[in-house]
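Topology and contacts: notes
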Amino acid sequence: MAALTAILLGKIATDKTHLPENLMYTQSFNVPDAPGGKTVPLAPSTEDPVLQAAFDTRIDADGRIEPQDWMPDAYRRTLVRQISQHAHSEIVGMLPEGNWISRAPSLKRKAILIAKVQDEGGHGLYLYSAAETLGTSRDQMLEGLHSGRAKYSSIFNYPTLTWADVGVIGWLVDGAAIMNQIPLCRCSYGPYARAMVRVCKEESFHQRQGYEALLVMMSGTDEQKAMVQDAVNRWWWKCLAMFGPPDADSPNSAQGMRWGIKRVSNDDLRQKFVDATVPQAKVLGVTLPDPDLKWNEERQHHDYGQIDWNEFWETVNGNGPCNKERLATRVKAYKDGEWVRDAALAHARKQQARNMKEAA
């Protein structure tokens with residue numbers, strides 16, 4: 001589907017609307033690991049000391065852990081939680097944009113959006129498959145999602161009010177996701193890292209098509225320009241919160257970095273996102289809704305205002321504007337698709353029986 005998205009999107013036509021390559025997110029493949037990640041003391045372990053020592057040596061050498069390798073239970077649990085939540089975010093993330101497929105302003109935009117939403121569904125499948133290599137089943141993960149016990153990215157619990165929201169999700173939400181996910185291509189767990197390489201390449205198309213859609217709107221009527229600015233105003237702060245709580249309030253980050261699962265801290269990723277987005281907003285012609293946003297010559301980074309963490313935690317804890325709607329939609333889709341799953345399993349059993357009979 002990524003190839004179809006590229007064909008449909010085409011090349012941005014004029015120099016006026018072309019964004020230089022060094023302002024796009026794909027350069028983030030070169031994001032270095034945060035210094036000091038491996039200097040965090042190892043947590044006390046009750047595991048077999050010989051196996052634990054071999055695991056620690058491989059982690060310290062920046063090696064990969066594969067499904068057949070021994071790993072501590074805490075490492076396995078952390079990965080199951082993170083990868084399954086990532087997978088949940090991909091399939092729930094289909095819903096805000098899928099809402100606009102039937103209302104896209106042109107056949108071209110409709111086809112691009114269909115391809116993009118299908119890509120997100122594929123990302124969920126890659127990630128569920130990666131999590132299954134850790135010994136948890138797809139049914140267990142989905143039961144956690146449908147019961148409300150498992151979390152997914154809070155950004156998808158907000159409504160898409162206008163067509164401009166679809167473009168802003170591509171530009172800012174997918175842009176923030178790429179910034180978060182590029183370091184995961186170097187994750188210490190092999191199946192997760194390999195899945196993320198393809199996910200990030202496809203997300204790059206998503207970010208670019210969103211930006212291009214906004215460029216077109218910003219060359220249109222005053223009403224269209226106002227629509228884009230309104231969408232940016234509503235999504236900007238929510239995107240900054242996507243990187244997670246400040247490092248001081250993120251107790252799991254240090255251990256994740258020690259294990260090589262997480263490579264860059266929440267605050268460093270957030271800063272990189274802000275620094276990358278400011279020149280993009282200037283080219284686009286929109287104002288980022290932060291009166292405290294300014295360049296700090298001494299730090300060589302942009303300063304920015306305070307994020308409303310109360311809103312973030314309210315949404316994470318199930319009290320956002322669309323939490324109940326999103327979960328109900330996912331549960332309904334799962335129940336409605338039960339007959340398809342049953343038919344596929346019945347067909348597989350028939351095929352297995354036929355093959356066994358022929359082999360006999």
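Residues numbered from 1 in each chain as written. Predicted model: local features only at pLDDT ≥ 70, side-chain atom pairs only at ≥ 80, totals over all residues. Heavy atoms only, no water.

**Some remarks on the overall build of the chain**
Where we set the bar: Secondary structure elements follow DSSP: runs of H or I of four or more residues count as helices, runs of E of two or more count as strands, with numbering from the N terminus. Under the scheme applied here, a residue whose accessible area is under 20% of the maximum for its type counts as buried, over 50% as exposed, and between as partly exposed, the area being computed with a 1.4 Å probe on protein chains only. Contact between two residues is taken to exist if any of their heavy atoms lie within 4.5 Å; hydrogens are not considered. All accessible-area figures derive from a Shrake-Rupley calculation using a 1.4 Å probe, and residue coverage is judged against the displayed protein chains alone.
Tallying secondary structure elements over the chain gives 14 helices and two strands in all. Sorting the 360 residues of the chain into buried and exposed places 48% on the buried side. Contacts spanning at least 24 positions in sequence make up 79% of the contacts within the chain whose residues lie at least 6 apart. Counting every atom, the chain has about 17800 Å² of accessible surface; 57% of that belongs to carbon and sulfur.

**Some words on unusual backbone geometry**
One non-glycine residue, D62, lies in the positive phi region at around 65°. Considering the arrangement of structural elements, one finds D62 in the loop between α2 (49–60) and α3 (73–92). Its identity as a non-glycine residue notwithstanding, Q300 has a phi of 60°, on the positive side. Examined against the element boundaries, Q300 turns out to sit in the loop between β1 (294–296) and β2 (301–303).

**Describing the packing of helix α7 (residues 163–181) against helix α9 (residues 222–241)**
Defined as follows: Lines fitted to C-alpha atoms define the axes here, with helix axes fitted over just the stretch in contact, and angles between the N-to-C directions of these axes take values from 0 to 180 degrees. The handedness criterion is simple: a crossing whose near helix is rotated anticlockwise from the far helix by less than a right angle is left-handed, and one whose near helix is rotated clockwise is right-handed. Polarity classes work like this: nonpolar for Ala, Val, Leu, Ile, Met, Phe, Trp, Tyr, Cys and Pro, charged for Asp, Glu, Lys and Arg, and polar for all others, with Gly in that last group.
At a closest axis distance of 9 Å, the pairing of α7 and α9 adopts a crossing angle of 35°. Crossing of α7 against α9: the hand is right-handed. Residues W163, A164, D165, V168, I169, W171, L172, V173 and A176 of α7 pack against M227, V228, A231, V232, R234, W235, W236 and C239 of α9. Residues of the contact of α7 with α9, tallied by class, amount to 15 nonpolar, no polar and two charged.

**Re the side chain of S265**
Applied cut-off: As used in this structure description, the phrase polar contact means that two N or O atoms lie within 3.5 Å; if the pair is within protein, one of them must be able to donate a hydrogen and the other to accept it, and residues adjacent in sequence are counted only when both atoms belong to side chains.
Relative to the assigned elements, S265 resides in the loop between α10 (253–258) and α11 (266–284). Polar side-chain contacts of S265 include one of 3.2 Å to the backbone nitrogen of D268.

**Observations regarding the pattern of salt bridges**
Rules: Whenever Lys or Arg places a side-chain nitrogen within 4 Å of a carboxyl oxygen from Asp or Glu, that contact is recorded as a salt bridge.
Counted according to the given criterion, the structure contains 18 salt bridges. Salt-bridge contacts for R194 lead to E66; the nearest nitrogen and oxygen are separated by 2.9 Å. Residue R194 is found in helix α8 (residues 190–218), and its partner E66 is found in the loop between α2 and α3; the two are separated by 128 residues along the sequence. The class for R194 is partly exposed, based on a relative accessible area of 46%. With relative accessibility at 18%, the residue E66 sits in the buried group.

By themselves these figures say nothing about function.
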